[in-house]
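# Structural features, examined
Each chain, written out:
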Amino acid sequence: MAYSRKSQRLLFISVGLGLAVIAVIFMALAFSSTAAFFKTPSELQQETAADGQRYRLGGLVETGTVVKQGTQTDFSVTDCEASLLVRTNVILPDLFREGQGVVAEGQLDAQGVFVADKVLAKHDENYMPKDVADKLKEQGVWQGGGGC
Amino acid sequence: MFTEIGHFALILATFIASLQMVFGFWGAQRRHAGLMQATDQAALVSFSLVLLAFAALMHAYIVSDFSLLAVWENSHQDKPLIYRIAGTWGNHEGSLLLWTLILTLFSACLVLAGRGLPSSLKARVLGVQGSIALGFLSFMVLTSNPFLRQAVLPIDGKGLNPLLQDIGLAMHPPMLYLGYVGFSMAFSFAVAALIEGRVDPAWGRWVRPWTLAAWVFLTAGITLGSWWAYYELGWGGWWFWDPVENVSFMPWLSGTALLHCAIVVEKRDAMKVWTILFAVLTFALSLVGTFIVRSGLLTSVHAFAVDPERGRYILVLLALSIGGSLGLFAVRAPIFKPGGLFAPISREGALLINNLLLAIAAAVVFYGTLWPLVVEALSGQKITVGGPFYDRTFVPLMAPLIIVMGIGPFMTWKRADAGAIAQRLGLVLGITAVIVVAVIFLRRGGAWLPYVGVGLAVWLIVAAAVEWWDRVGLRNGSIAGLWQRIARTPNAAHGMSLAHAGLGVAIIGMVGSTSWSVETITTMAPGETAALGQHCVRFNGVNTVPGPNYTALRGDLTVLKNCQDDWLSLAPEKRSYPVRAMGTTEAAINSRWNGDVYVALGDEQNGKRIVRAYFRAFVPWIWLGGILMVAGGLLSLSDRRLRLGIPRRVRAAVAGKSTQSAGSGLVASKEAQSS
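Reading the values: the criteria
- Residues numbered from 1 in each chain as written.
- Chains lettered and ligands numbered in written order.
- Predicted model: local features only at pLDDT ≥ 70, side-chain atom pairs only at ≥ 80, totals over all residues.
- Axes fitted to C-alpha atoms, helices over the stretch in contact; angles between N-to-C directions.
- Helix = DSSP H or I, 4+ residues; strand = E, 2+ residues; numbered from the N terminus.
- Parallel < 35°, antiparallel > 145°, perpendicular 65-115°, else oblique.
- Left-handed = near helix turned anticlockwise from the far one by under 90°.
- Nonpolar A, V, L, I, M, F, W, Y, C, P; charged D, E, K, R; others polar.
- Domains from an automatic or database assignment.
- Contact = placed C-beta atoms within 7 Å.
- Expected span 1.5 Å × (residues − 1).
- Buried ≥ 20, exposed ≤ 12 C-beta atoms within 10 Å, placed from the backbone.
- Core = buried A, V, L, I, M, F, W, Y, C linked by C-beta atoms within 7 Å.

The description of two helices packed together rests on the angle between their axes and the distance between the axes. All names here are of chain B. It is at 7 Å that the axes of helix α1 (residues 2-30) and helix α6 (residues 119-143) come closest, and there the two elements cross at 150 degrees. As summarised for this structure, α1 and α6 are arranged roughly antiparallel, according to the angle between their axes. For the pair α1 and α6, the sense of crossing is left-handed. Along the lines of polarity and charge, the residues of the contact of α1 with α6 split into 14 nonpolar, 10 polar and 1 charged.

Okay, here's the thing in structure tokens:
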């Protein structure tokens, strides 16, 4: 087989471009169907329920709302403007506490309850989701960490 | 007092680093021997100073000197010694100091080990290293000084976050940093080569050991992090596709590509521009990784609270280093002459395809991690992508990568004999098919996709084994002299086989744990039993146990084999730390060859306790795979051909006398150089 610098470069470019095109198609298809929207409770309340769209809900665990029953836990997530009931069956992380930042991932059910299959707290107990911090600053109730 | 010395050393190191930068570039440009020698001295002095600063900070943590702000915020007298030491780098300031310490350590190693390097190249490499060190040291001194005092002396510290009081903290960040920073060496070599306008096989041979060392550390760091996130509850398991995990994975992908194309530069004098580009990109991704974790830019489980003022400095540093080096690349890359030719079916061809796939895979991860930021900036819509996105994009890219990984090592350089390779691959395919059919028969049922994943992994392992078998001459059936043949085979070849097989082992673990795990979540009174797959779990009760700086509620659980005989005993804990008024949940894990039994305690309700029990199939294989990859990398690193400045002649000597020691190899190299 004859091969030259030119054919080598041609091979290189065509293989590279081919792979890149395939990857871009994959990404475009996957992105539209798998991306979860990150919302605060007040934003999520305006959404229509139960269309199967996955969301990440970020906010603070509202003080006094955590109810445990069997393996199920109910709690409200608030952004100091609106709050939303979250129901979950998963292990709550150690840093999950009332008045602290939390991110729940899941879907809205027909009753408007947020059913989470992932509940995440942060490594750092002073951490607060950026959106919530921004919102608190807007409302002028920012205390540099901690609750509403 | 020691603290003041450390603080002073840190500031002095900043100045020495700037001298190192100026002397290095200026000396190399003017070919001034004295200045270039001064660069060496500056690198050594700057390492000693940063080491002194680090020792002073560690001392402050060990003796609990709470007059230091950072110590007060992150430490406590009651903390066990190991976590007081690890606490040195368990926070923003300390971790930056560790980063810089490792950076200057690598520079010092280059001075000590790189006597065979051309002096102008070495001076330029050290100059680049000095400028990186300058960036980090000034960042530390100006915005994140670990030696800041506070006016009022508190009685006790705030304590380290109990979640971070773990052996994982002692090991994971230093390993990861060794990897990140290690790639600075390849970066510095690449920038120096761009300035000099020269890349040759010798350059490839100098770059490879540093890249390999960095890759080994990064692999170890990622594996350790994965292990830590796995046994710590609520961190998303061994891999979560979390942004902070992704940013450590991107330099790993591009570093792996760099490792392989540096071989092509060394052996075939080809793919030079490609290698330089990867060296720049890998370190750029490492910098992005370091900073994203510390800047709070991305929404992540592993996020830490951050100071926004630092963000701007970080952004400027990133723009200077990445923009500068890529700009230099754009201007200088066209001057490199294209190297050796090769046919599409050749070792180079296979490495090229794998490099393309790795680059695209890194781009996919980059897109998934950072595109949401762009979307937010453009539309105000906040989105995140997680596992499902990567399942559909990253995973399909890995399939051809693994197939080519199996084929590539059978190929010869320049032009491979397709017929001979097809014959060996037929054998590999046959063995793989037999094993996969056996697995399907043993497991019976379930989705078919996991079997494809396992099939690919088995293909990779079998290919590595067959290639090794052929290489050490077992193909013709002669056992006599086998040991000599194994010893004569370069360690780099053994390392490759081991690392490739290690990836296969890890993939089996990843596929198995994702597809074949079972779990049970239930409330149990003492004495009750619950089913877990084919086995059962019995809850015997809890008791209170004191710890060094916590009290633990320890559960007593028994796993019954096939729900009949007592089999495993597990003791998960719930700990409470009075200093931070915080609790942690410690899972109990019993590892078997085919998976982990994983049990965690929940809260008590009406005399019953929540128990979560899992059988996580094949998870230990992930760690075993990581260990094999690290071992393969180390073995390859021990290859005497990789020692700096060893010319070709040694290989002939080694082939003639396999028991020759590394020491005499070095002597031989000195002789060859002087001749």
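The subject of this paragraph is the domain arrangement of chain B. All names here are of chain B. Per the domain assignment, the segments making up chain B are domain 1 (1-165), domain 2 (518-617) and domain 3 (645-675). Distance from the C-alpha centre of domain 1 to the C-alpha centre of domain 2: 43 Å. With 8 residues of domain 1 at the contact, the number on the domain 2 side is 7 residues. Looking at side-chain class alone, the side of domain 1 that touches domain 2 contains 3 nonpolar, 3 polar and 2 charged residues.

What follows deals with α6 of chain B. In this model α6 of chain B runs 35 Å from its N-terminal to its C-terminal C-alpha over 25 residues, within 8% of the 36 Å that 1.5 Å per residue would give. Across the 25 residues of α6 of chain B, 20 count as buried, placing the element largely inside the fold.

Our next topic: helix α1 (residues 5-34) of chain A. For an α-helix, 3.6 residues make a turn, and residues three or four places apart therefore share a direction. Between the first and last C-alpha of α1 of chain A there are 42 Å, a value that for 30 residues agrees with the 44 Å anticipated at 1.5 Å per step. Along α1 of chain A, the positions that sit buried rather than exposed are Gln 8, Ala 23, Met 27 and Ala 30 of chain A.

Bringing the nonpolar core into the picture now. One recurring pattern in soluble globular proteins: nonpolar side chains tend to sit buried together. Ala 53, Ala 186, Phe 189, Ala 190, Cys 261, Ala 279 and Leu 460 of chain B are the most contacted members of the largest nonpolar core, which has 230 residues in total. Apart from the residues within four sequence positions on either side, Cys 261 of chain B is in contact with Met 271, Trp 274, Thr 275, Phe 278, Leu 351 and Asn 355 of chain B.

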